[in-house]
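# An overview of the molecular structure
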Amino acid sequence: EIYVVDGNGRSPIDVVASDTSTDFVLLRAPGKQFTALPFEENTPRLGSRLFTLFADAVGDSVVPTFQTAMLSALTKDFFAISTPPESDAIIVDFEGRVVGMSVQGLDGRHTTVPALALRGIGDTLLRKKSDAPLSQ
């Protein structure tokens, strides 16, 4: 069972579309509306101050957590941050724009997916959603 936790308790989430090539899924929380953070259009510069947003389970609660980091390595298609989070996390600049996502593979290693790639994955999932028949 997949659910979202907010100030009103737990609500179920539906899987709308998935992409096995990236292991990303598009989720929907019926009756809920979430505000999306904007994507940064440009790759941040080496040394940029960033922070990671992720959630930790503490007992029966889910606690949002943030951690500061710095862009420590940069190539054309990849960047790394100075302090990878313990779990999957959104990487945001200090203006509140998403610059990437840190995902942990089955081997325990972190990979950073840049914002441009995240946008492409999201567009692919939205196209799959619009192509899929709607079920009641």
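Each remark here, short or long, concerns the structure printed above.
Please read all numbers here as calculations on a predicted model, not as lab measurements.

## Focus: the pattern of salt bridges
Here the structure, examined in full by the defined rule, presents 5 salt bridges. The salt bridge partner of D14 is R28, with a shortest N-O separation of 2.9 Å. Residue D14 is found in strand β3 (residues 14-19), and its partner R28 is found in strand β4 (residues 24-28); the two are separated by 14 residues along the sequence. Note on D14: relative accessible area 30%, which makes it partly exposed. Of the charged contacts, one joins R97 and D93 as a salt bridge, the two residues approaching to 3.0 Å between their closest N and O atoms. The partly exposed category is assigned to R97, whose relative accessible area is 28%. Shared partners join several salt bridges into a network, and the residues in it are E40, D93, E95 and R97.

## So, the packing of aromatic side chains
Scanning all chains against the criterion turns up 2 aromatic pairs. Between the aromatic rings of F51 and F66, the centroid separation amounts to 5.9 Å while the plane-to-plane angle is 75°, which identifies the pairing as edge-to-face. Of this pair, F51 sits in strand β5 (residues 49-58) while F66 sits in strand β6 (residues 61-74), and the two are 15 residues apart along the sequence. We classify F51 as buried; its relative accessible area is 18%. Of the residues examined, F66 reaches a relative accessible area of 60% and is grouped as exposed.

## Considering the pairing of strand β1 (residues 3-6)
Pairing between β1 and strand β2 (residues 9-12): 4 bridges, direction antiparallel. Each residue of the ladder has a partner; that of Y3, found in β2, is P12. Connecting β1 to the next strand, β2, in antiparallel fashion are 2 residues.

## A short note on the nonpolar core
The biggest cluster of nonpolar side chains holds 8 residues, and these are A17, F24, V98, M101, V113, L118, I121 and L125. Listing elements by their share of this core, those giving two or more residues are β9 (98-104) and α1 (115-131). Among the elements that make up this core, the one with the highest residue count is α1 (3 residues). Judged by nonpolar contacts, the second largest core, of 7 residues, contains L71, F79, I81 and I91.

Cut-off values and rules
- Residues numbered from 1 in each chain as written.
- Predicted model: local features only at pLDDT ≥ 70, side-chain atom pairs only at ≥ 80, totals over all residues.
- Heavy atoms only, no water.
- Salt bridge = Lys/Arg side-chain N within 4 Å of Asp/Glu carboxyl O.
- Helix = DSSP H or I, 4+ residues; strand = E, 2+ residues; numbered from the N terminus.
- Buried < 20%, exposed > 50% of the residue type's maximum accessible area, 1.4 Å probe, protein only.
- Phe/Tyr/Trp six-rings, centres within 6.5 Å; stacked < 30°, edge-to-face > 60°.
- Pairing = 2+ DSSP bridges.
- Core = buried A, V, L, I, M, F, W, Y, C linked by side-chain atoms within 4.5 Å.

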